[in-house]
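Given next are the chains, with one letter for each unit.
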Amino acid sequence: MAAAMTLGSILPAISPPRLPSLSPSPSPEKSRRGAGLISRRHRRGPARWTAMVQQQTFQGPSAAYAREMERLSAKESLLLAFKDAGGFQSLISGQTTELQRIDVNERIVSLERLNPTARPTTSPFLEGRWNFEWFSAGSPASFAARFLFQRSPATLANLLEMDMLLKDGYSKITANLRFFNSIESKFLLTTKLSLEGPSRMKEEYVEGTLETPTVSQEAVPEQLKGAVGQANSALQQLPAPIKDAFANGLKIPLSGTFERMFMISYLDEEILITRDSAGAPDVLTRLEGSPASSATDPMVSEYES
């Protein structure tokens, strides 16, 4: 016993073998999540988190409210640009400057990107009476204006305004003309509309009508009263069929003469913007007393793809 104790005290202490750790290791699922999170941060950097924050922000009601306020501001800005450019009269007389045209077009684009109507060609907002604020060279409004001014000297005739009635798949554009500041007439251009897609339509000219002028005797200049009186007397002496035809206006058939494609780039309850195949815009505002149709009364049947 003593010898064994002596030998044990002389031999060096032998370390016991190291056993595996019994402490719990992180679960593979947690490890993968942690590694993935770190690697995403490492690969993507701060931009990844910025994008995620923006996505969450636009889903909230405050973002929808901000977008609506931006849209209303863009509408007001566009209407002010029309006023600064001189309005309709400046546009048809060619007095609008290049800078004013660019300014208006920039504001049109700003409003178009906020278009609230996904399928404007079948929207109930499309029907109603619209007033032309801005139009391009290929527009029916421009056609009506050229028709009038090619037949009347610019010094004698004045195009007051133009509006358009959209109903039942047809549009009727009315150009109000005044001669000598006393004789008023109207030119009506009727076109047929057909659907080509959710925002695209085809327009075909049907006919033009030049209504019989109406004369305001109080506004007729003294040097013209004699001529106006003679014209009225001659009209009364015409045969009844001719007089009735003249009273109903001069009709000009236009079927098969012209058609065009256009798209509706913006539509709400107050503003309508269209663009022709060349990208030139027409901008119209809804006239007071012409509310949009009810949602159950679409303008035309659904398009066929």
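Residues numbered from 1 in each chain as written. Predicted model: local features only at pLDDT ≥ 70, side-chain atom pairs only at ≥ 80, totals over all residues. Heavy atoms only, no water.

With an unreviewed UniProt entry as reference, the protein chain is termed Plastid lipid-associated protein/fibrillin conserved domain-containing protein, source organism Ensete ventricosum. According to its UniProt record, the protein chain has this under Subcellular location (unreviewed entry): "Plastid". (UniProt positions renumbered as here; feature names shortened; annotations may be inferred.)

### Comments concerning the overall build of the protein chain
Summing up its helical and strand segments, the protein chain has nine helices and 10 strands in all. Here the protein chain, with 305 residues, has 32% of them falling under the buried criterion. Taking all contacts inside the protein chain whose residues are at least 6 apart in sequence as the whole, residues at least 24 apart take part in 64%. When the accessible surface of the protein chain is summed, it comes to about 19200 Å², and 58% of that surface belongs to carbon and sulfur atoms. (Helix = DSSP H or I, 4+ residues; strand = E, 2+ residues; numbered from the N terminus. Buried < 20%, exposed > 50% of the residue type's maximum accessible area, 1.4 Å probe, protein only. Contact = heavy atoms within 4.5 Å. Areas by Shrake-Rupley, 256 points an atom, 1.4 Å probe, with all protein chains shown as cover.)

### Remarks on the environment of L250
By the element assignment, L250 lies in strand β7 (residues 250-253). With relative accessibility at 53%, the residue L250 sits in the exposed group. Separated by 42 residues in the primary sequence, L250 and G208 place their C-alpha atoms 8.2 Å from one another. Beyond its immediate sequence surroundings of up to four residues, L250 is in contact with G208, T209 and L210.

### Overview of the packing of aromatic side chains
The relation between two aromatic rings is expressed through the spacing of the ring centres and the mutual angle of the planes. What the rule picks out here adds up to four aromatic pairs. Geometrically, the ring pair formed by F82 and W134 is stacked, given 5.9 Å between the ring centres and 25° between the ring planes. Taken as a pair, F82 in helix α4 (residues 61-84) and W134 in strand β1 (residues 128-134) lie far apart in primary sequence, 52 residues in all. Judged on exposure class, the residue F82 and its partner W134 are both buried. Ring plane angle 55° and centroid distance 5.9 Å describe the contact between F88 and F135, whose orientation is recorded as tilted. One end of the pair, F88, is in helix α5 (residues 87-92); the other, F135, is in the loop between β1 and α7 (140-149), with 47 residues separating them in the sequence. Taken individually, F88 and F135 each receive the classification buried, so the pair is uniform in this respect. Linked through ring pairs, F88, F132 and F135 together constitute an aromatic cluster. (Phe/Tyr/Trp six-rings, centres within 6.5 Å; stacked < 30°, edge-to-face > 60°.)

### Thoughts on the nonpolar core
In this structure, L78, V104, F132, W134, L272, I273 and V283 are the most contacted members of the largest nonpolar core, which totals 41 residues. Looking at which element gives the most residues to this core, the answer is strand β4 (residues 183-195), with five residues. Once residues within four sequence positions are removed from consideration, V104 is found in contact with L78, A81, F82, A85 and W134. (Core = buried A, V, L, I, M, F, W, Y, C linked by side-chain atoms within 4.5 Å.)

### Focus: the pairing of strand β10 (residues 281-286)
Where burial is concerned, most of β10 is hidden: six out of the six residues are buried. Of the two faces of β10, the one holding P281, V283 and T285 and the one holding D282, L284 and R286 are both buried throughout. Sheet analysis places β1 next to β10, joined by four bridges and oriented antiparallel. Paired with N131 across the two strands is T285, which belongs to β10. Pairing of strand β9 (residues 271-276) with β10 involves five bridges; the strand directions are antiparallel. Residue pairing across strands places L272 opposite L284, the latter belonging to β10. (Pairing = 2+ DSSP bridges.)

### Let's talk about a nonpolar patch on the surface
On the surface, Y65, M69 and L72 cluster together into a nonpolar patch covering about 300 Å² of accessible area. By secondary structure assignment, the location of Y65 is in helix α4. (Patch = residues over 30% accessible without salt bridge, like charges linked within 9 Å, V, L, I, M, F, W, Y side chains within 5 Å. Salt bridge = Lys/Arg side-chain N within 4 Å of Asp/Glu carboxyl O.)

### Let's talk about the pattern of salt bridges
Applying the stated criterion to the full structure yields 10 salt bridges. In this structure, R71 engages D268 in a salt bridge whose closest nitrogen and oxygen atoms are separated by 2.8 Å. Of the two residues, R71 is situated in helix α4 and D268 in the loop between β8 (259-267) and β9; the sequence distance between them amounts to 197 residues. The exposure class of R71 is buried, given its relative accessible area of 7%. D268 gets classed as buried once you look at its relative accessible area, which sits at 1%. Taking the shortest distance from any N to any O, the salt bridge between R260 and E203 comes out at 2.8 Å. Taken together, the positions of R260 in strand β8 and E203 in strand β5 (residues 200-210) put the pair 57 residues apart, joining distant regions of the chain. Residue classification places E203 among the buried positions, given a relative accessible area of 2%.

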